[in-house]
Structures are given as structure tokens and as C-alpha cells.
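# Close look at the chain arrangement
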Amino acid sequence: MSKKSTLSNLQKALSMELTAAHQYQLHASVLSDWGIDILSEQMRKEMSEELGHSDAFMERIMFLKGKPVLKMANTPVMAESLVQMFKTDLADEKEAIKFYTKAAQQAAEEGDIGTRTLFEKIVMDEEGHMSWLELQLDLIKRMGEPAYIAKHMSAINNH
């Protein structure tokens, strides 16, 4: 089994997940600053899940005797609006799904069932994120942004 492309794909995935985790961390802070505390907490949950993905990729790299490099693929971007936040995240999730699907296929071709399974499991998580983001954009469109925001603010906002 050739580990070179598998390790390269795992390293890219690790960098992508570190970016995603910190992007959600930034979103959580921005949403908290905007007073949208319930949605801020949701972003913190997303951040935690992405960190879990980065852990899984790091462990797999080490299992394959590689050396994980902890660097972000991109710099997180501060959103100016909810719609921009969700659209940017949606594009990132779609990119991740496409890359992880291809990486899973490459791992299978190289006989690395463990890495293939890991990529497939994380694709399923990312599809869940994608579906949630699409729903949020649809809700904003149907409800209007003010009503959507009101739904995601608690009555007691500790801001």
C-alpha cells in the first residue's frame, strides 16, 4: 500500500478541519457579539465536532507513521451578515465533501480500508452540516432575517 497520497490527503484534511474549527469559533464570537446567543452556542458545537474530525485525522496520520502538521488551510473570515456566514460555510462544506469523497476513493484503490472508512464517516458528518446550513438559509429566506434572529436569541442575554 502506497502511503504517500493517503498521508497527503489526510494532512490536507487535517488542515481543512483546523480551519473549519477556527472558522466556527470566530462565528461563535461574532454571533455572541451580535447578541444571537443561541446560534452562537450552535457554532461552538460545530467547532467541537470539527476539532474531533481533526483529532481523527491526526490519529490516522500517526497510525500510518506520518507526522501531522497542525496548520490551517485558510485563514478564517469574519462574516458581515448571517447570510454571508451561512453561504461561506456551505461552500466550505461542499468543498470538504467533494475532497473527502475523492480521498476515500483513493484510499480504497490503495487498499487502505481504515482511511477510506474514516473519510466516509466524516463525509456523512459534513453532509449533515451542509443540510443544516441549507435549512438555515431557507429559514432566513422564508421568515426574514429579523424573525430568524429573534428565534435564535434567548430572553436573558448575558451580553
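About the cut-offs
- Residues numbered from 1 in each chain as written.
- Predicted model: local features only at pLDDT ≥ 70, side-chain atom pairs only at ≥ 80, totals over all residues.
- Heavy atoms only, no water.
- Helix = DSSP H or I, 4+ residues; strand = E, 2+ residues; numbered from the N terminus.
- Expected span 1.5 Å × (residues − 1).
- Buried < 20%, exposed > 50% of the residue type's maximum accessible area, 1.4 Å probe, protein only.
- UniProt positions renumbered as here; feature names shortened; annotations may be inferred.
- Contact = heavy atoms within 4.5 Å.
- Polar contact = N/O pair within 3.5 Å; in protein donor to acceptor, adjacent residues only side chain to side chain.

Before going further, it helps to spend a moment on helix α4 (residues 113-143). For α4, spanning 31 residues, the distance from its first C-alpha to its last is 45 Å, which sits close to the expected 45 Å at 1.5 Å a residue. Those residues of α4 not exposed but buried are Thr115, Leu118, Phe119, Ile122, Val123, Glu126, His129, Leu133, Gln136, Leu137, Leu139 and Ile140.

According to UniProt, the positions carrying the feature "binding site: Fe cation 1" (unreviewed entry) are Glu17, Glu50, His53 and Glu126. Spatially, the listed residues are clustered: although they cover 110 residues, their C-alpha atoms lie within 10.6 Å of one another. Its location among the elements puts His53 in helix α2 (residues 37-63). Look at His53 and you get buried, because its relative accessible area is 4%. What His53 contacts, discounting residues up to four positions off in sequence, is Glu17, Ile122, Asp125, Glu126 and His129. Separated by 3.1 Å, the side chains of His53 and Glu17 make a polar contact. Within the secondary structure, Glu126 sits in helix α4. In this structure, Glu126 is in contact with Glu17, Glu50, His53, Glu93, Ile97 and Tyr100, ignoring residues within four places of it in sequence.

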